[in-house]
Amino acid sequence: MATKKKPSSDQGSSSSALDSSRWEVSCFWERRLQKELMSLMKEPPPGVTVDAEGAGQNLTQWIIQMDGAQGTLYEGEQFQLQFKFSPKYPFDSPEVTFIGPNIPVHPHVYSNGHICLSILTEDWSPALSVQSVCLSIVSMLSSCKEKKRPPDNSFYVKTCNKNPKKTKWWYHDDSV
Amino acid sequence: MKVTIKSWTGVATWRWVANDDNCGICRMAFDGCCPDCKLPGDDCPLVWGQCSHCFHIHCIMKWLNSQQVNHQCPMCRQDWKFKE
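Residues numbered from 1 in each chain as written. Chains lettered and ligands numbered in written order. Predicted model: local features only at pLDDT ≥ 70, side-chain atom pairs only at ≥ 80, totals over all residues. Heavy atoms only, no water.

### Considerations on the overall build of chain A
Reasoning step 1: Scanning chain A from N- to C-terminus turns up five helices and four strands.
Reasoning step 2: Of the regular secondary structure in chain A, the N- to C-terminal order runs α-α-β-α-β-β-β-α-α.
Reasoning step 3: For chain A, buried positions account for 41% of its 176 residues.
Reasoning step 4: In chain A, the proportion of contacts linking residues at least 24 apart, taken out of those at least 6 apart, comes to 60%.
Reasoning step 5: Of the roughly 10,100 Å² of accessible surface on chain A, 53% is carried by carbon and sulfur atoms. (Helix = DSSP H or I, 4+ residues; strand = E, 2+ residues; numbered from the N terminus. Buried < 20%, exposed > 50% of the residue type's maximum accessible area, 1.4 Å probe, protein only. Contact = heavy atoms within 4.5 Å. Areas by Shrake-Rupley, 256 points an atom, 1.4 Å probe, with all protein chains shown as cover.)

This is the structure we're talking about:
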């Protein structure tokens with residue numbers, strides 16, 4: 001019950017005003033991210049764990065633990081992925097980078113954690129999700145035949161913007 | 001026996017006939033509305049593309065308006081054309 005007394009004629013409209021403010025607070029991207037967080041907690045893809053507490057506190061930044069898949073070059077390794085979302089999500093792609101002490105050594109992963117993966121920029125679609133991005137990254141790692149950094153790693157890492165979405169990527173290698 | 005109906009109340013349900021339960025863009029149920037709307041139904045209708053994928057009209061319009069060059073279906077990447 002509300003503690004403030006209101007004129008009885010006002011009661012109907014005050015409760016609907018309360019409802020509408022709740023809808024406004026929870027806007028498009030927040031509602032979708034909340035749904036994604038719930039489904040990622042309930043049914044995570046194999047080897048993928050979301051830091052639900054951190055994501056719940058700040059929906060715009062998620063940390064995801066990723067295990068190297070069994071039978072691949074990355075078996076037994078653990079990686080951390082950071083997802084940052086803008087209020088334009090899912091119409092704008094998330095900013096996804098590897099962070100932490102172990103950045104996978106892979107021809108499409110720079111030593112600063114930036115990932116060259118077309119769905120993260122020009123091939124992004126709002127039908128993609130955190131889960132499908134994680135699956136793409138797991139499969140990108142799993143198909144790797146030789147652990148090595150991209151050929152232009154040292155130059156790129158010295159000159160790039162902090163935000164990998166500002167990089168004009170050339171996607172030329174579909175083999176790994 | 002003779003029965004006299006004194007009063008009656010009609011009840012109806014409705015649902016969108018779509019090939020999926022949820023909108024692939026906002027992930028809300030098709031029988032609900034997009035996150036920007038409050039009432040499902042005619043105020044937040046579904047639209048179909050020629051590729052047969054369907055979305056809340058508000059969701060697909062947001063996506064198409066955010067794209068400068070290509071207007072593609074979020075699900076299959078075919079050129080988006082509204083089904084007549």
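### Some points on the overall build of chain B
Reasoning step 1: The secondary structure content of chain B amounts to one helix and two strands.
Reasoning step 2: Written out in order from the N terminus, the α and β elements of chain B read β-β-α.
Reasoning step 3: Taken against the 2.2 N^0.38 rule, which gives 12 Å for 84 residues, the C-alpha radius of gyration of chain B at 18 Å runs more than 25% over that of a compact globule.
Reasoning step 4: For chain B, the spread of C-alpha atoms along the principal axes amounts to about 70 × 25 × 20 Å.
Reasoning step 5: Within the span of chain B, comprising 84 residues, buried residues form 32% of the whole.
Reasoning step 6: A separation threshold of at least 6 residues defines the contact pool for chain B, and within that pool the share at least 24 residues apart is 42%.
Reasoning step 7: Just so you have it, chain B exposes about 6,000 Å², and 50% of that area is on carbon and sulfur atoms. (Rg over C-alpha atoms; globule rule 2.2 N^0.38 Å.)

### What about the pairing of strand E4 (residues 95-99) of chain A?
Residues and elements named next belong to chain A.
Reasoning step 1: For E4, a buried count of four out of five residues is recorded, marking the element as mostly surrounded by other parts of the structure.
Reasoning step 2: Bridge count between strand E3 (residues 78-84) and E4: five bridges; the pairing is antiparallel. Of the residues in E4, the one forming a bridge with Gln80 is Ile99. (Pairing = 2+ DSSP bridges.)

### Here we look at the interface of chain A and chain B
Reasoning step 1: Across the contact, 16 residues belong to chain A and 16 residues belong to chain B.
Reasoning step 2: Taken together, the two surfaces of chain A and chain B that pack against each other cover about 1,500 Å², and 64% of this comes from carbon and sulfur.
Reasoning step 3: Remark: the boundary between chain A and chain B carries zero salt bridges.
Reasoning step 4: Contributing elements (two or more residues each) for the side of chain A that touches chain B: helix H1 (11-25) and helix H2 (28-42) of chain A.
Reasoning step 5: The leading source of residues in the side of chain A that touches chain B is H2(A), at four residues. (Buried area = accessible area lost by both parts, 1.4 Å probe. Salt bridge = Lys/Arg side-chain N within 4 Å of Asp/Glu carboxyl O.)

### Details of a nonpolar patch on the surface
All names here are of chain B.
Reasoning step 1: A cluster of nonpolar residues, Met1, Val3, Ile5 and Trp8, forms a patch on the protein surface that exposes about 660 Å² of accessible area.
Reasoning step 2: Topologically, Val3 is positioned in the segment before strand E1 (46-48).
Reasoning step 3: Val3 gets classed as exposed once you look at its relative accessible area, which sits at 61%. (Patch = residues over 30% accessible without salt bridge, like charges linked within 9 Å, V, L, I, M, F, W, Y side chains within 5 Å.)

### Points about the pairing of strand E2 (residues 61-67) of chain A
All names here are of chain A.
Reasoning step 1: Side-chain alternation along E2 places Trp62, Ile64 and Met66 on a buried face and Gln61, Ile63, Gln65 and Asp67 on a face that remains uncovered.
Reasoning step 2: Pairing analysis gives three bridges linking strand E1 (residues 48-50) to E2, with the strands arranged antiparallel. Considered in E2, the bridge of Thr49 is made with Gln65.
Reasoning step 3: Here seven bridges tie E2 to E3, and the two strands are oriented antiparallel to one another. Bridging from a neighbouring strand, Ile63 pairs with Gln82 of E3.

### Digging into the UniProt feature "domain: RING-type" (unreviewed entry) in chain B
Reasoning step 1: Look at the UniProt record and you will see "domain: RING-type" (unreviewed entry) annotated at residues 34-77 of chain B.
Reasoning step 2: Between the first and last C-alpha atoms of residues 34-77 of chain B the distance is 22 Å; the span itself is 23% helix and 14% strand. (UniProt positions renumbered as here; feature names shortened; annotations may be inferred.)

### Describing the sheet that holds E1(A)
Residues and elements named next belong to chain A.
Reasoning step 1: Taking strand neighbours across the sheet as the criterion, the four strands line up as E1-E2-E3-E4 in an open arrangement whose pairing is antiparallel. At either end of the open sheet lies a strand with only one pairing partner, and these are E1 and E4. Averaged over all pairs of adjacent strands, the angle between strand axes in this sheet comes to 25°, irrespective of strand direction.
Reasoning step 2: Strand contacts of H2: E1 and E2, with the helix running at about 25° to E2, the strand carrying the most contacts.
Reasoning step 3: Across the face of the sheet, helix H4 (residues 130-142) comes into contact with E1, E2, E3 and E4 while running at roughly 35° to E2. (Axes fitted to C-alpha atoms, helices over the stretch in contact; angles between N-to-C directions.)

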